[in-house]
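Commentary on secondary and tertiary structure
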Amino acid sequence: MATQFLIRTSYKAVRLAAANHLSRTPVRVMCTAKGIPTNEEQATGLELRALLAQKKGKDPYSIFRPKEYAGTSEDPHIVPSIGDKRLVGCLCEEDNTAIVWFWLHDGNPERCPSCGSHYKLIHQELPH
C-alpha cells in the first residue's frame, strides 16, 4: 500500500514538473546584464599582464614576431638579454646546416665571424 502511494505521488510530481517546465520558455543567458565580457574584463594572471602590455605597445613575453633588421653596422640585429653577454648563433646562409656560434657582449655591435652580419646586445628586464 505504501508503495502504491509513493508511485502515485511521484508520478503526479513528475507530471507537474514536466508541465511547469514546458510552460516556461527556456532562457539561455551567456552574458551578464552589461553584455558579453571583453577579453580584458575576463583575462587574469599572465594573460592580463600580456594584454595590458600590448595596449602600451610592449611585448613582454615575445609573443609577436621580432622586427626584421638589415644586419648592417647602422641597423644591427637586436638581441635582448638579461645579462651583459649572450651566446648567439648565426645561420649565415638560408640552406646552411652549420650554425656559427659566438659571444655577444654589451656595448658596440659585433660582427658574425663568417658572414659579417652585425648584432647588438640590448639589456632587457624580466617582465615579472
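Residues numbered from 1 in each chain as written. Predicted model: local features only at pLDDT ≥ 70, side-chain atom pairs only at ≥ 80, totals over all residues. Heavy atoms only, no water.

**Describing the sheet that holds strand 4 (residues 110–111)**
Put simply, the test is: For two strands to be treated as a pair, DSSP must find no fewer than two bridges joining them. Think of it this way: any DSSP run of H or I at least four residues long counts as a helix, any run of E at least two long counts as a strand, and we number them from the N terminus.
Reading across from one edge, 1-5-4 is the order of the three strands in this open sheet, with mixed pairing throughout. Each edge of the sheet is formed by a strand with only one pairing partner; in this case those strands are strand 1 (77–81) and strand 4. Bridge count for strand 4 against strand 5 (residues 118–123) is two bridges, and the pairing is antiparallel. Bridge pairing links R111 to H118 in strand 5.

**Description of the confidence of the model for the protein chain**
Rules: pLDDT is a residue-level measure of predictor confidence that goes from 0 to 100.
Model confidence for the protein chain is summarised by a mean pLDDT of 80, while 80% of its residues fall at 70 or above. No element of the protein chain has a lower mean pLDDT than helix 1 (residues 2–23), at 68, and none a higher one than strand 3 (residues 100–105), at 93.

**Focus: helix 3 (residues 45–55)**
The line we're drawing: Working definition: with a 1.4 Å probe on protein chains only, accessible area under 20% of the residue-type maximum means buried, over 50% means exposed, and in between means partly exposed. Summarising the geometry, the arc corresponds to the directions from the helix axis toward the C-beta atoms. Two residues qualify as a contact provided that any one of their heavy atoms is within 4.5 Å of a heavy atom in the partner residue.
Listed as buried for helix 3 are A50, L51 and A53. Buried residues of helix 3, seen end-on, are gathered within an arc of 165° and therefore sit on one face of the element. Looking at the packing, one finds that the buried side of helix 3 touches helix 2 (39–42). Within two residues after helix 3, G57 carries a phi angle of roughly 90°, on the positive side.

**Overview of the environment of G83**
Take G83: it is sitting in the loop between strand 1 and strand 2 (85–90). Overall, G83 belongs to the partly exposed group, its relative accessible area being 30%. Counting along the chain gives 23 residues from G83 to D106, while the straight-line C-alpha distance between them is 8.4 Å. Setting aside residues no more than four positions away along its own chain, G83 makes contact with L121 and H123.

**Topic: the side chain of H118**
Structurally, H118 can be placed in strand 5. Using a relative accessible area of 15% as the deciding quantity, one classes H118 as buried. Not counting residues within four places of it along the chain, the set of residues in contact with H118 comprises G71, T72, S73, P76, H77, E110 and R111.

**Observations concerning a nonpolar patch on the surface**
How we decide: A patch consists of residues exposed above 30% relative accessible area that lack any salt bridge, with like charges linked at up to 9 Å and nonpolar side chains (Val, Leu, Ile, Met, Phe, Trp, Tyr) linked at up to 5 Å. Shrake-Rupley sampling with a 1.4 Å probe provides the accessible areas, and residues are treated as covered by the protein chains on show and by no other component. Put simply, a salt bridge is a Lys or Arg side-chain nitrogen that is within 4 Å of an Asp or Glu carboxyl oxygen.
On the surface, L87, L91, I99, W101 and W103 cluster together to form a nonpolar patch covering roughly 540 Å² of accessible area. Along the chain, the position of W103 falls in strand 3.

**Notes on the nonpolar core**
The criterion, for reference: Only buried Ala, Val, Leu, Ile, Met, Phe, Trp, Tyr and Cys residues count toward a nonpolar core, and they belong to the same one when joined by side-chain atoms within 4.5 Å.
Counting residues in each nonpolar core, the largest one holds eight residues, listed as V79, V88, C90, F102, L104, C112, Y119 and L121. Sorting the residues of this core by element identifies strand 2, strand 3 and strand 5 as the ones contributing at least two each. Dropping the residues within four chain positions of it, L121 is found in contact with V79, S81, G83, D84, K85, R86, L104, H105 and D106.

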